Structures are given as structure tokens and as C-alpha cells.
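# Architecture and fold: a report
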Amino acid sequence: MKRSTAPTLPTVRSRASSSNTRTVRRRFFYCGALWLLLCCQSLFAAPELRLNDHQNKLLLTPYSDILEDEFASWQIDDVRSDTLRHRFRPVENPDLRLKKSIRRYWLRVRLTNPGDDAVLRMLEVSPASISNIAVYDDTGHQPHLDSDQLIRKRALYRIHLPPTSSREYLISIDHQHSAQLTLHLYDDATLLGESDRQVFFGALLIGILTFCLGYCVIGGLVYRDTLFGWHAVFCSLLVIHSFIAFDFIGEPQGLAPPWDQVLLMLLRLSAAICLLLFALRFPIYPRTNARAWQITLQAVIVINFCTIALVIISGSPAKLAHLVLAVNGIILVGSAAAEFFVTYTRAVFYYLCVIALSFALFGIAELRHQLSLTDAYVRDLSVVAVGIMVAVNHAALLIARARARRQRQTDEAQRIAVLGEVNRAKSDILARITHDIRTPMSAMLGVTELLQETRLNASQKDYLRTLQRSCHELIQLLEESGQAARFNDNDVELTSQVFNLSELVSDALSGFRNMAAERALELICDIDPLMGDQLIGDPSRLRQLLMHGLNSAFDHCDDGYILLKISQVSSRPGHIQIDLSHRGKPFTREERQALGKTSRDDSQHSVNARFAIIARLVQVMRGQVSVRATGDIHTLHITVETGRPEGLSHTPTDNTLLRDKRLLLVDDNKTFCDVIGKQCSTWGMSAFSAHNEQAALALMRNQKLIGAQVDFVLIDHRFADNGLQLSQRIHEEFKDKPPVILLLAHANINYSRDQLQRAGVRRVLSKPLGNIALRSALLGESHYAATQRGRHLDQYGSDALSLPSLHCLVAEDNPTNALVLVRMLSGLGITVKHVENGQQAVNNFIRGDFDIVILDIEMPVMDGVEATREIRRFEEEEERERTPIFGLTANALDEQRDRYLQAGMDLHLVKPVRLWELAESIQRWTGYRKRQDEN
């Protein structure tokens, strides 16, 4: 039997049935899986919140579900549909950080009221800066409650739950900026209490900042410190920042980024600039590498300004701003740490701790807020507290520094006061020591002066000159040491008074007449006629400056002349220029260095002390000093500040008698001839110069031929026969109209009356010759009726050679000095009356008639100053003519000299007094001259 191999029909149907069964099973599996997934989704939804009366404040984050609507395309009906309801998921911490990429967020909260009473609650959505918020419940849209009655703006919604009911609330949030979202549920009492509490603490912190601001403003005015002003700006920026952050003004923003507006970012960057300026100006950086840190801080400040410009231009806070703020903090902490590990000062340590702690607290507050552990308000309070801590710390540092400076100033003032007392005591001691040393030295030198009048051999004269020179050097050394010791940094004070410059210079030069005579040096004074005579300044200090400058010139000058030139500084109004030039030794390196110092180094040579005094005087008089050299001419260049009197009536001197007069100066010193010629031209005179006898005679003959004969001839004594030979030739040759012949000689050159009369000499002028002495002599010989008070130094009357003997009253308590002084005066042909104290001097002056009075300053019973006052008072009461009074003292201090002159003395002579100096002083003030033919 045969079998077929083809498939049968039932077999095919069996396979199709099996395939259908598998498809059905697969669909059934998918449906079950979907149902299971839906069940799991509903299982992991946020739990509902059961409300009760004990829940005053609740955070809704654990009870909320979230749905992200990326394109904001869903409406409330769409969200309530079954399709989208199942897409909600429970809220986790990162979910409430709103992103710019999500345009709309949906939040769902289920609230249940299990009680028998209705429940009223307030829903708050923060931050309040979120503009578009909508709340929906089962009944529909819930309106936003008006919070205008509250000081701070808040997003509030009313929640009403009937008894034993449950409702679902959907919250729609549209926000275009990043923000940290929080939801709270309050009862009414708790909400009002927390609102008041937030306002109170915000106002309290702002009040503290405002107080710090006011304190800094007052501190800046009191302590005159600009850093207080910068810190006040920092506090004001924090105050404005806090007002905006706490919703007191404007739209609520918060104290931490991100912000909707650029204002808060600009305020933050500006406050950072103030902190950097504080670190730069306080300063808070190591002194060992100060320049690098200064450049770094300045560069960071510039970067902050550039960032502010970029933020303003861009119109929104830039990411660069946050980076710059972070760099600012790193730089501040780094500079403070570097400074502390170098100096280990407490102030820097406090600053470092506060800055580091501030950044740490700010970071912790922001982190807690991001983790939803605290709300935005707590974070803002923390940020303001950090700002207050920084502000108070900076203010405390500034106050501490200001008080330290004030304490240093107080200590310095006390030190100066103590030093002032010490210096005054030291000056008194120096005056006493100087007086005690000068008194016996005066007697020694007086005896040597008397010995010179006796017959001595050559060796004895040489020994005598050596003794005199050594004594004078010792006295000069004592004087300079005493003045240098008194010149500390705080014991030089200036007075301001009107003085006559020409008289002051003549007075200063008169003290060097004998020194110039002994060394045969020409002392030339050139005062610019355009300066005028009246100036305002300290004449005592200016005289002292001239004295020290002339002393230095005499020390360096070998031969020739010393030129004192005074002129006005054209480039610096109110300043005068003093140039002291000499020919001889240059200034040493130590002397140049001493001019740059304001105090004396005792280790230096004594001549450096003089230069240190010059430098100090110039500094006090607000001037400058330097040395210059041109060939073998060395110049001490000084400028000092003076003033000119305004509104002071000054009657110009009448020079009518000198106008168109002609003067011939016979001198081989061209510089001196130029100075005299310039002085004569200001008086309207014509001046000629001749350097030898032949040139002088030739010039006078030529002038006679042209009908312009010479009116005055001024001859230097260094020509043949002390100038008398040339004088006699001129006198004999021009007998028909003889010129007035004036002889110029040193103080130690003496002429007899017969010699001068034979040579036709009308006057003898003493070197150095100033413009006052020359003009007075010329006017006197031109028959100018000068007033009695107009008599100046070196003004000798034509009848001076024929005066009778003078009567002199001498008061000296030291027997040796009295003996020497009486012998000197007697040798000059003067009748002397000697007493031992000031009271006896006053009594004898009242009963007698004296032409001159010489008083020692320090005497028993009544000193010389008081005796002078009594004599001047007696003269005023009796209307007697003023008698010249000379003060004789061993005190060489300038301050004492001024006091003696103010008491009524006419001249202050410092012991030891030399015979030449005494004779010249008497001649200048009385016109008396010793007759040489009496010897």
C-alpha cells in the first residue's frame, strides 16, 4: 500500500492557531505591565498632608509633586487630564531650583482636613520676585492676596478646607530666571508674627549698618583720614543693598544671585572695590614685597571697574562678575595671610580672621539654602550679618589705627614739651657756662690788648698774637657748639615781623669788621635795589643764618674777597636768594652732607655742626640750600621765604642832593667797583672806577675838561701810604673845585687828625661798606639835613675829629673785667666812672652827665636790663636826649640779644671785647674818635 508525503490541511490550521495564541498572550502581558507601572507611579506619588490645629508653619516640599512644562503649552485642564496627572512625580531637592530652560513648572499638593471645623491657611510662594504664579483648587482659580499692607512684599494665597474634606491644589509657576523655590503653609497668626519678626531683624541689621556709616563719617571728620570716607561708602552700599534685598524699596531681589536687575550686581562690585581700596590704603599686604602687592591690588581694582562697565553695557549680570568677586576674595585673603605671616600683628590677624570667616559663612548660608535647609530670608539675614561683621571689623581697625596715631601724636607732643623744657634748661645752662667761660677769657684778652700798647720785642708780639688767636678760636668753638646743641628738630620757631633788610645785613656784617681787618679780606655786600628795604619774616633767624654763612666763608677763604649777594627770586615770589661766594678752599664732602641734614651728628667735625645749623634754619624758613663751584669761586646758595608788607606806609628817601652827582671809586677789586656803581645808579648818580692812581688822575682830568668834574672820590686804603698819597695829590691838583675825598679803610687802620687834614680827607668809612653807610656819608657831605634818628651805622660826622673827651659810665661787677675795660676806655681818651651794680649806675646817671653808658648784663642788686629800663624811663620823664647804652655780656645767644635790645639798649657787645671793636662802636654811636697826636 502506497503512502503520500504531502502535508495535510489540519496540520496547517494547527500552526496558525498557535501563532494567534502567542500574540494574545503578548498583548495581555503588555497591558498588565502598563497597569503595574501605573500602579507603581501612583504608589510613589507625594503623600497628602493632613492638617490640624497644631501646625502653625509647614514646609510643603515633602508633600508636593512636580511636572515640568518645557514650552509652557499646557493649561490647567490639560494638567488635570488623566494623561498628564500620571506624569507628576514627587519633589526632590534639585527640583525646586528653577531653570531658565523650563518655562513653566506645575506643583501639586493634596491637603486633607480630618476635623469637624473648617481650616484656614495661607500659602506663601517664595521668592516673592516670581512674577507669574497661579493657584488652582477643585473649585477653580485662587486669587492672589494683596500684601500692600505688609512692609515686605509676599506672594500669598488663601487656602480654605471645609470640615472632613480633601482638596488637590495645582500651582503654576512661570519664571524666566533661575531661582530657588520654596512653599510654606501658615496660619494667620504665625504669618503676621513672622512678617513682623523679619521686618524687625532686617531693620535692625540695616540700623547697625547705618550706625557704622555715621560713625565712619564722624571718624573721618575727627581724625582727618580719607580711609574713613571709603569705608563710609562701603557701608552706604551695604545699606542700599540691604534695603533692596529685604523688599523695603523696589522689587524684591534677595542678597544672593541670580538677580533680575543689574543694580545689585553693581552694588556688590562697588563694595568689593571699597574692600580692595581698604586693603591697599590701610595697608594689608607685606612690606617686604610692597610694590608687587600694590600693583596686584591696583590691577584687581581696575578689573572690577572694567567688569562694572561690561555689566552696564550688557544689561544683565554677567558670569564674569561672579568670577571677579571670587578673585577679589582670594586676593584679600591672600594679601592678609601674607602680611600676617611676615608681621604677626594683631590687627592683620583680626582682619584675616574676619575676611576668611565672612567668606566661609557666606558659603555655608548659600549651601544650606540650595539644599532647602533654610529659606531665602535666613540666607539674606546671614549675608547681611556677614557684611556687618566686615564693616564693624574695618571700622574697629580704623578707629584703632586713628587712636594709635593720636596717641603717638600725644606722646610726641609730650615729648616735644619735655624736650622744650629740657632745651630751655639746656640753653640756660649753656648761657651760664658760656658766661662763666667768657668772663675770665674776656679779662685775658683785655690784658693782651693792653699789652699790645706797651713796648714788646718781636717774639713777645708773636706769643701775644698766638694767645689771642687761640682764645678767639676757643670762644668761637664754644658759641658754635652751644648753638648746634640747641638746634633739635622741634625747638626752632619762627616769628613774623616787619624788618629793614639793609639794616639787618649791615648789623650782621659789622660783627665781621675786625675779622676781615685782621685777615686783610674784602667783605662786599650786594643787595638788589629792586627788593626794597621792608620785608616780613624772622629777623633774628635770618641774622643767625647770615652769621653762620659768613663764618663758613671766612673759614674757607684764603685771600681776596667774600661776596654777599642778596636778590629776589623771580621764579618763586616771596623768596629771597642769598649767595655767599669766596675764593679759596672748596666745601668738603662732609660739609655737603651736613647741608642735607636737619640735625647735628656729634661725631662729625665742628664745622659740620655749623652747616647742619644752616640746613636746619633754611628748612624752618621753608627754603633750599646748596653749594656751587665756578673755577676757584665757591658759593653757598640759599633761598628762604619772606613776605612783603601790604598797606604799610613808607616814605621814600629823598635823593635829590645826590642826583646827577659823580663819584670816582679807586679800588683794584672789580667786583666791589661793580657793586658800588650799581648802588650809586639807583640814587641817580654816575659812578666811575679806576684800578690804580694813574687811571684815577687821568679820569678826573678828562672829566674836568668836559665840564663834568667828579664830586666824590672814594679811595681804598691799600694804595700807597694807606691811600693818603693819592688823596693829597687829588687835593692839591684840584684846589679850585676840590672833590669830597672819602677814605675806605679796615677797622684796625688808624689815622691822625693832621694826616687826614693834610690829605684833604673829609671822612673815613669803615669796611665792609654797605649802601646805608655810603649813602649817609654822601648825603652828609652834600649838606643833607638828616634827622637825629636817621643816623645809621658807619655815619661819621665831619666834625668827628675835633670832639672833646667823652664821659662814660661803666657798671661791671667783675674786678678784672672792670680793670681791663677802664684801661681800654682811658687809653681811648675817655673819662670813665666805674660802679659795681645796676642800682649804682642808675643813681650816678641821674646825678651826673654822661655821653655813653656801658652796663654788664649780669650784676648783683640790679642787672643791666633792669638798669637800662630805669635809665630810659628817667630820660622820658625828664625829656632828656637819648644816651647810647651798650650791653656787655658773655651770653652769645641770639634770643638774649633781641631781649637786650628790646629793653632799650643800643648795642650788644659780647665778651671778650676787643679794643678795636670798642673804639669803633663808640665812634659809630657818638662820633668820637681818639686823637692820635695825644699819644
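Before reading on, note that the structure itself is shown above.
Quick look at the structure, then.

About the criteria used
Residues numbered from 1 in each chain as written. Predicted model: local features only at pLDDT ≥ 70, side-chain atom pairs only at ≥ 80, totals over all residues. Heavy atoms only, no water. Phe/Tyr/Trp six-rings, centres within 6.5 Å; stacked < 30°, edge-to-face > 60°. Buried < 20%, exposed > 50% of the residue type's maximum accessible area, 1.4 Å probe, protein only. Helix = DSSP H or I, 4+ residues; strand = E, 2+ residues; numbered from the N terminus. Right-handed = clockwise from strand over helix to strand, strands pointing away. Pairing = 2+ DSSP bridges. Patch = residues over 30% accessible without salt bridge, like charges linked within 9 Å, V, L, I, M, F, W, Y side chains within 5 Å. Areas by Shrake-Rupley, 256 points an atom, 1.4 Å probe, with all protein chains shown as cover. Salt bridge = Lys/Arg side-chain N within 4 Å of Asp/Glu carboxyl O. Lys, Arg positive; Asp, Glu negative; His and termini not counted. Charge placed at Lys NZ, Arg CZ, Asp CG, Glu CD. Axes fitted to C-alpha atoms, helices over the stretch in contact; angles between N-to-C directions. Core = buried A, V, L, I, M, F, W, Y, C linked by side-chain atoms within 4.5 Å.

### A word on the packing of aromatic side chains
The geometry of two aromatic rings is summed up by the distance between their centres and the angle between their planes. Across all of its chains, the model carries 13 aromatic pairs by this definition. Ring centres 5.3 Å apart and planes at 65 degrees place the aromatic pair phenylalanine 340 and tyrosine 344 in the edge-to-face group. Residue classification places phenylalanine 340 among the buried positions, given a relative accessible area of 15%.

### Details of the pairing of strand β27 (residues 807-811)
Counting buried residues along β27, 4 of its 5 residues qualify, which places the element largely inside the surrounding structure. The handedness of the β27 to strand β28 (residues 831-835) crossover, carried by helix α22 (residues 815-827), is right-handed. Where β27 and strand β29 (residues 852-856) come together, 4 bridges link them in parallel fashion. When the bridges of β29 are listed, alanine 811 appears paired with leucine 855.

### Examining a negative patch on the surface
Residues Glu876, Glu877, Glu878 and Glu879 make up a contiguous surface patch of negative charge. Following the sequence through the fold, glutamate 876 ends up in helix α24 (residues 864-878). Its relative accessible area of 65% is what places glutamate 876 among the exposed residues.

### Quick notes on the pattern of salt bridges
Per the stated rule, a full pass over the model turns up 31 salt bridges. Between glutamate 168 and arginine 85 there is a salt bridge, with its nearest N and O atoms 2.9 Å apart. Separated by 83 residues along the polypeptide, glutamate 168 in strand β12 (residues 165-174) and arginine 85 in helix α3 (residues 82-85) bring together distant segments of the chain. A salt bridge links arginine 158 to aspartate 188; the nearest nitrogen and oxygen atoms lie 3.2 Å apart. With arginine 158 in strand β11 (residues 155-161) and aspartate 188 in helix α4 (residues 188-223), the pair connects residues that are 30 residues apart, well separated along the chain. Each of Glu522, Asp667, Asp668, Asp716, Arg718 and Lys767 takes part in salt bridges that share partners, so that together they form one network.

### Some thoughts on the sheet that holds strand β20 (residues 624-630)
Taken in spatial order, the 5 strands of this open sheet run β16-β18-β19-β21-β20, and their pairing is mixed. Taken across any chain shown, the strands that pair with only one partner, and hence form the sheet edges, are β16 (522-527) and β20. Sheet twist, expressed as the average angle between the axes of neighbouring strands with direction ignored, equals 15 degrees. Taken together, the 6 bridges between β16 and strand β18 (residues 557-568) define a ladder with parallel strand orientation.

### Some details on the nonpolar core
The biggest cluster of nonpolar side chains holds 64 residues, and the ones touching the most others in it are Phe234, Leu269 and Tyr351. Elements supplying a minimum of two residues to this core: α4, α5 (226-245), α6 (263-281), α7 (290-314), α8 (319-343), α9 (346-370) and α10 (376-452). Ranked by size, the runner-up nonpolar core spans 40 residues in total, among them Leu521, Leu523, Leu545 and Ile638.

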